[in-house]
Amino acid sequence: MGAPVDLTSYAELAVQLVNMGDELRNPFSLRSLLEETGRTEAASRLTRRDVDALWELREELTGVFEAAAGGDDVDVVDRLNGLLVRHPVHPQISGHDGQPWHLHLTEGGRVADALSVGSVMGLASVVTRLGVDRLGLCQASPCRNAYIDTSSNRSRRYCSERCASRANVAAYRARKRGA
Ligand SMILES: [Zn+2]
Ligand SMILES: [Zn+2]
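Rules and cut-offs
- Position labels on residues start from 1 in each chain and follow its written sequence.
- For this description, chains carry letters from A and ligands carry numbers from 1, given in the order in which they are written.
- Per-residue local features of the predicted model are confined to residues with pLDDT of at least 70, and side-chain atom pairs are confined, for both listing and counting, to 80 or more; whole-chain, interface and lining totals are unaffected and use all residues.
- With hydrogens and water set aside, each side-chain value is computed from the structure's full complement of heavy atoms.
- Numbering goes from the N terminus for both helices and strands, where a helix is a DSSP run of H or I of at least four residues and a strand is a run of E of at least two.
- Partly exposed describes any residue whose relative accessible area lies between the buried limit of under 20% and the exposed limit of over 50%, with all areas from a 1.4 Å probe on protein chains only and scaled to the type maximum.
- Contact criterion: two residues are considered in contact whenever any of their non-hydrogen atoms come within 4.5 Å of each other.
- For the area figures, the Shrake-Rupley method with a 1.4 Å probe applies, and any residue is considered shielded solely by the protein chains shown.
- Any helix carries an expected span of 1.5 Å times its number of residues minus one.
- This arc describes the spread of directions from the helix axis toward the C-beta atoms.
- Stacked, edge-to-face and tilted are the three classes for Phe, Tyr and Trp ring pairs, Trp counted by its six-membered ring, which pair at centre distances within 6.5 Å; planes under 30 degrees apart are stacked, over 60 edge-to-face, the rest tilted.
- Remark: a charge is flagged as sitting over a ring if the NZ atom of Lys or the CZ atom of Arg is within 6 Å of the ring centre and within 35 degrees of the ring normal.
- With water omitted from the atoms examined, metal sites may look incomplete; donors here are N, O and S atoms no farther than 2.8 Å from the metal, or 3.2 Å in the case of Na, K and Ca.
- Geometry is assigned from donor-metal-donor angles: four donors are tetrahedral when every angle falls between 85 and 135 degrees, four are square planar and six octahedral when opposite donors sit over 155 degrees apart with all other angles between 65 and 115, and any other arrangement is irregular.

Going by the annotation in an unreviewed UniProt entry, the name recorded for the protein is CGNR zinc finger domain-containing protein, with Microbispora cellulosiformans given as the source organism.

This is the structure:
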C-alpha cells in the first residue's frame, strides 16, 4: 500500500470484486486478482474463510451499486453506513519495506477483513468526494458490471470499451431498422 492510503485503488477493488461474479468463489481466481493488483501479501495469506467472507461482501457491494444506478442516494448512504459499522477501520502507521511512514486501514487481521475495510472505505470516499452518481452499472444489456465514473463530465455509462462499442452497434442497427 502506498502513501497515504490509496482509497481510489480500493474503490476499484470493490468494482473488481463485484464484477468477478461467481468466479469470486474460486480461490485461484481471487488470488490472481490480488496478485494482478499488487496485493501479493494478501494473495499469499488468502484462506477459504476469506473467500467465503468476500463472497458475502460482494452481495452487499452489489447492492450499493444497484442502489446508486437506481438513483437512490439515501439507500446508497444507508448501505455504506451499515457496512462501515460492520467493517470498522483500525488504522496503524506502517513503514514496511523501507517505505516512508504511511497509514494502513486495518492491521493484523484476516485478509478478508483488510480487503472489506478497504473496499468499503474506498466507496465511501468516492461518494463523499465525488458524489453517489459516480457509481454505476453498465447499460449495455445484458451486462450489469459495476464501474466508477471518473470522467470530467459524468458521462460514463458502460463498464468497458468493449461494452461501449457493443451498445453503439446495437443502437446503429436499431436506427437502421427504424429508418
Ligand atoms: Zn503499506
Ligand atoms: Zn459492460
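S.K.: It is not clear to me how the overall build of the protein should be interpreted in this structure. Could you clarify?
M.R.: The secondary structure content of the protein amounts to seven helices and four strands. The helix and strand sequence of the protein, counted from the amino end, reads α-α-α-α-α-β-β-α-β-β-α. Among the 179 residues that make up the protein, the fraction classed as buried is 41%. Here the contacts in the protein between residues at least 6 apart in sequence split such that 52% fall between residues at least 24 apart. Roughly 10100 Å² of accessible area belongs to the protein as shown, and the carbon and sulfur atoms make up 51% of that amount.

S.K.: Is there a simple way to explain helix α7 (residues 161-178) in this structure?
M.R.: Each α-helix winds once per 3.6 residues, and so residues spaced three or four apart point in a common direction. A rise of 1.5 Å per residue sets the reference length of α7, with its 18 residues, at 26 Å; its end C-alpha atoms lie 26 Å apart and thus fit the reference within 8%. Listed in full, the buried residues belonging to α7 are Cys163, Ala164 and Ala167. Each buried residue of α7 sits inside an arc of 100 degrees when the element is viewed along its axis, so together they form one side. In this structure, α7 carries Glu161, Arg162, Asn168, Arg173, Lys176 and Arg177 as exposed residues pointing more than 90 degrees from its buried face.

S.K.: Just to check I follow, could you spell out the packing of aromatic side chains for this structure?
M.R.: Each pair of aromatic rings is reported with the distance of its centres and the angle of its planes. As enumerated under the stated definition, the model contains zero aromatic pairs in all. The ring of Tyr10 is capped by Arg39, whose NZ or CZ atom sits 4.9 Å from the centre of that ring.

S.K.: Explain the coordination of the zinc ion (ligand 2) to me, please; I cannot follow it from the model alone.
M.R.: A four-donor tetrahedral metal ideally has 109.5 degree angles, and a six-donor octahedral metal ideally has angles of 90 or 180 degrees. Around the zinc ion (ligand 2), the protein contributes the donor atoms Cys138 (SG), Cys143 (SG), Cys159 (SG) and Cys163 (SG), which lie 2.3 to 2.4 Å from the metal centre. Taken together, the four donor atoms coordinating the zinc ion (ligand 2) and their angles of 107 to 116 degrees define a geometry best described as tetrahedral. Here the donor residues of the zinc ion (ligand 2) are spaced in sequence according to C-x4-C-x15-C-x3-C. Highlighted residues: Cys143 in the loop between β3 (135-137) and β4 (146-148) and Cys163 in helix α7, separated in sequence by 20 residues. The residues Cys143 and Cys163 share a single accessibility class, namely buried.

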